[in-house]
Amino acid sequence: MSVGFIGAGQLALALARGFTAAGVLAAHKITASSPDTDLPTVSGLRKMGVNFTVSNKDTVKSSDVLFLAVKPPIIPFILEEVGPDIEPRHIVVSCAAGVTISSIEKKLSTFCPTPKVIRCMTNTPVIVREGATVYATGTHADVEDGKLLEQLMASVGFCTEVEEDLIDAVTGLSGSGPAYAFTALDALADGGVKMGLPRRLAVRLGAQALLGAAKMLLESEQHPGQLKDNVCSPGGATIHALHFLESGGFRSLLINAVEASCIRTRELQHLADQEKISPAAIKKTLLDKVKLESPSLSVASANKVSLFNSKSPSSKKN
Amino acid sequence: GKVPASSILASAPSDRNLDTWRESGCRTTHCNLEVLQESTLVFLATKPHILPGVLQEIRPAVGPHHIVVSMAAGVSLQTLQRLLPAGTKVLRLMPNLPCVVQAGAMVFARGSGTGDGEAALLKSLLSSCGLCEEVPESYINIHTGLSGSGVAYVYLFAEALAEGAVKMGMPGGLANRIAAQTLLGAAKMMLETGEHPAKLRGDVCTPGGTTIHALHQLEKGALRATVMNAVEAATNRACDMAKD
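Residues numbered from 1 in each chain as written. Chains lettered and ligands numbered in written order. Predicted model: local features only at pLDDT ≥ 70, side-chain atom pairs only at ≥ 80, totals over all residues. Heavy atoms only, no water.

### Describing the side chain of Thr88(B)
Residue and element names in this part refer to chain B.
Move 1: Structurally, Thr 88 is set in the loop between helix H4 (77–83) and strand E5 (89–94).
Move 2: Residue Thr 88 is classed as buried on the basis of its relative accessible area, which comes to 6%.
Move 3: A distance of 2.5 Å separates the side chain of Thr 88 from the backbone oxygen of Pro 85, its partner in a polar contact.
Move 4: Once residues within four sequence positions are removed from consideration, Thr 88 is found in contact with Val 62, Val 68 and Gly 113. (Helix = DSSP H or I, 4+ residues; strand = E, 2+ residues; numbered from the N terminus. Buried < 20%, exposed > 50% of the residue type's maximum accessible area, 1.4 Å probe, protein only. Polar contact = N/O pair within 3.5 Å; in protein donor to acceptor, adjacent residues only side chain to side chain. Contact = heavy atoms within 4.5 Å.)

Below, the structure written as structure tokens:
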């Protein structure tokens, strides 16, 4: 089985690293493409032994499982470009936040009658094989196609199938989650430094504390509330600290964060559906390079990029 | 039904409250010493500032067979033992209001002269009024903050729940009764299942449902921290008052 990545950024690198480390795929069975060869991740991919090309079409041709690992606004351009090369054997896996299966299927169906599409939401810790991934299968993707993806993604962490309407919530929780954790760890380390620890040690200990706590929770039948209680001796240090967290509304801040990320994902999807993403959202150099590959694309106006604009009226979104 | 009313003797300087006792079938008197002479188990149920005077008064009548249980807030075992004959079996009890409906929460601590037998007797007797546990004396002030005063926090919460319902269109009387039953039911589940409240809370929260939306509001208002502050404030106040 060979795997291709359209896009050679953080996600492609993380997944490629994870798959090869897990031994499910040899590097030479992986192809990644991007018009931008200056990306720092490109050299990382090359060093690993992944086949790198500037041609997205080459990636499609040499892959069975095709990951769309580009930012959400770029997806329509990519689909327009590689659509003609998609064959029945291909499993197209989109990792783009907020991009629906139906939007991808609609786009591809102008080229291929029954495209196999799977929508996936993963997160950056796939790079250390502790990713959190969910996927939803599209209209023409079989159970085996889903299982194949699940096998791949399970090699780099936790992976489970969900209904598509939950994916935005997953984005808010585990998609963005590592960022919340990094923020917390930075602050915890600051606390350690304030109380006298050298920075490096503070970071190391903070990270280990979170890692250990997460592991305990995953391996325990107990509720996190119970595990918390187990750490809090009466009148001790921990309960004093927790009181501060509660006073600051720690819990509600986290709830707010997950909610905000989920809502924003939906908003972006809405904007995409209504073709309201501004060109500023897309790097100009990238846009130019993509346009070079696909002369049929056009920028409708200076203020608005018509995402699904093409010569064929049937594919125009309203 | 643990003790027949006729075996209970209560004393007070005036008749003001004694009628209620007599109505239940208890004997009454105006003489504190008489209580010591007629009883083995003696509860001191006066206000704290009166207690030292009462102890002085009854001291001559206190013997090694007596078990003296003080319910005066802020009066330590050390003080009680100092004001009574050496070796007197002394215990300190902190009940809470719902004892009157046999759903109380009580803690007691034993003095140096008190043995397992007396502690067991008291616990067995008081279990008829609710939950009764022996604790180190240092927990008594905490119990005040948690459960002595805690009853008031619950009333406040119940009132707020009912007001929310009234705002949404329910008549007040009905809202009050439902609020009370909700608290009773939730508490009963906690006590009977022994499950962690966090787990019980999660069990009620359907994904994206009404409960989780409401809980988010409570978290935004830092309810947890506020409640912790309340328990802390009451406990600290109990400690301060004890020093006076």
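### Focus on the interface of chain A and chain B
Interfaces are often described in size by the accessible area the parts lose on coming together.
Move 1: Across the contact, 13 residues belong to chain A and 13 residues belong to chain B.
Move 2: Summing both partners gives a buried area of about 1,200 Å² for chain A against chain B, and 62% of it is carried by carbon and sulfur.
Move 3: Linking chain A with chain B are 0 salt bridges, by the criterion used here.
Move 4: Only helix H10 (224–231), helix H11 (237–247) and helix H12 (250–273) of chain A provide two or more residues apiece to the side of chain A that touches chain B.
Move 5: If one sorts the elements of the side of chain A that touches chain B by residue count, H12(A) sits on top with 5 residues.
Move 6: Along the lines of polarity and charge, the residues of the side of chain A that touches chain B split into 2 nonpolar, 7 polar and 4 charged. (Buried area = accessible area lost by both parts, 1.4 Å probe. Salt bridge = Lys/Arg side-chain N within 4 Å of Asp/Glu carboxyl O. Nonpolar A, V, L, I, M, F, W, Y, C, P; charged D, E, K, R; others polar.)

### Quick word on the confidence of the model for chain A
Move 1: Averaged over all residues, the pLDDT of chain A equals 87, while 86% of them reach at least 70.
Move 2: This model gives residues 297–318 of chain A a pLDDT under 50, and the stretch forms 45 contacts once residues within four places in sequence are excluded. (pLDDT = per-residue confidence, 0-100.)

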